[in-house]
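Analysis of the macromolecular model
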Amino acid sequence: MVVLHEAWGLDGFMRGVCARLAREGFVALAPDLFDGQQAADVAEAQRLSAALTAARVEADLEGAVRTLLSHDAVDGPSVGLLGFCLGGHLALLGGTRTPRVGAVVDFYGLFPDPPLEAGALAAPLLAIFAQRDAFIPAESVERLRRELRAAGKRASVSVEPGVDHGFMNDTRPDRFDAVAAATGWDRLLAFLRAELA
């Protein structure tokens, strides 16, 4: 699994996600898209995210996929992409550009830039959004759902009721929702085991 971090950077939450995946039998790699920088506030998170170029992200994703597939502990010809917030959007993009992706999981990541061509998604998708998301309009989620359906893609796009953007992140008590996070994690594992086994 390639795990793509939020706009906060490669922090304790992302390391925890990798550790949890490892305990479930997955090999997980989280590339540091911000070169060691972590955001202390929303303005810095936006600045770091805006500095990413499509070419840089694509190169980092390709390198992560290549590294995983060459690892002795990895079986099979493909990997999964998992992302949260910014990383969720980048996981979607990676699923449209990297042919060795066998599954994509996006937690509340869908932004206008870099633009996404949903019809180019080659891998099955599990996308879970937050009902009270202040960053991603419900119309954007519905548009993604329509585009995927029109293109005949295998995709589950759902909205978790009553939760905010970031509900999976247990290091952010202002956003974390334990019940929704447990449900999301169970859905994630079931999806990955079905698609990558």
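All of the points below concern the structure found in this document. (Residues numbered from 1 in each chain as written. Predicted model: local features only at pLDDT ≥ 70, side-chain atom pairs only at ≥ 80, totals over all residues. Heavy atoms only, no water.)

1. Examining helix α3 (residues 54-69)
Convention followed: To qualify as a helix, a DSSP run of H or I must reach at least 4 residues; to qualify as a strand, a run of E must reach at least 2; elements of each kind are numbered from the N terminus. Every helix has an expected span of 1.5 Å times one less than the residues it contains. We call a residue buried when its accessible area falls under 20% of the maximum for its residue type, exposed when it is over 50%, and partly exposed in between, using a 1.4 Å probe and counting protein chains only. By definition, residues are in contact when any of their heavy atoms lie within 4.5 Å.
Compared with an ideal rise of 1.5 Å per residue, which puts 16 residues at 22 Å, α3 spans 22 Å between its outermost C-alpha atoms and is within 8% of the ideal. Looking only at α3, the buried set comprises V57, L61, G63, A64, V65 and L68. Looking at the buried residues of α3, the elements they touch are β1 (2-4), β2 (79-84) and α4 (86-97).

2. A closer look at the side chain of S158
Inspection of the secondary structure puts S158 in strand β5 (residues 155-160). Residue classification places S158 among the buried residues on the basis of a relative accessible area of 17%. Residues in contact with S158, not counting those within four places in the same chain, are A127, I128, F129, R145 and R187.

3. Let's talk about the pairing of strand β4 (residues 125-130)
Condition: The rule for pairing is simple: two strands pair if DSSP sees at least two bridges between them. A crossover counts as right-handed when, viewed with the strands pointing away from the observer, the path leading from the first strand over the helix to the second turns clockwise.
Most of β4 is tucked away, with six of its six residues classed as buried. The two faces of β4 match: L125, A127 and F129 on one face and L126, I128 and A130 on the other face are all buried. Here strand β3 (residues 101-107) pairs with β4 via four bridges, running parallel. Among the inter-strand pairings, V104 is bridged to a residue of β4, identified as L125. Note: β4 against β5, six bridges, orientation parallel. What sits directly across from L126, in β5, is S156. What joins β4 to β5 is helix α5 (residues 138-150), and the crossover it makes is right-handed.

4. Focus: the pattern of salt bridges
Operational definition: Think of a salt bridge as a Lys or Arg side-chain nitrogen and an Asp or Glu carboxyl oxygen that are within 4 Å of each other.
Scanning all chains against the criterion turns up 12 salt bridges. A salt bridge links R66 to E62; the nearest nitrogen and oxygen atoms lie 3.9 Å apart. Residue R66 and its partner E62 are both found in helix α3; the two are separated by four residues, about one turn of the helix. For R66, a relative accessible area of 48% translates into the label partly exposed. Measuring nitrogen to oxygen at the nearest pair gives 2.6 Å for the salt bridge that ties E142 to R145.

5. Focus on the sheet that holds β2
Convention followed: Think of each axis as a best-fit line through the C-alpha atoms, taken over the contacting stretch in the case of a helix, with angles from 0 to 180 degrees between the N-to-C directions.
The parallel open sheet is built from five strands, whose spatial order is β1-β2-β3-β4-β5. Only two strands of the sheet have a single partner each, and these edge strands are β1 and β5. Each strand of the sheet is rotated relative to its neighbour by a mean of 10 degrees, with strand direction disregarded. Pairing between β1 and β2: three bridges, direction parallel. For V2, the partnering residue across the bridge sits in β2 and is L81. Sheet strands touched by helix α6 (residues 178-196): β2, β3, β4 and β5. Its angle to β3, the strand with the most contacts, is close to 170 degrees.

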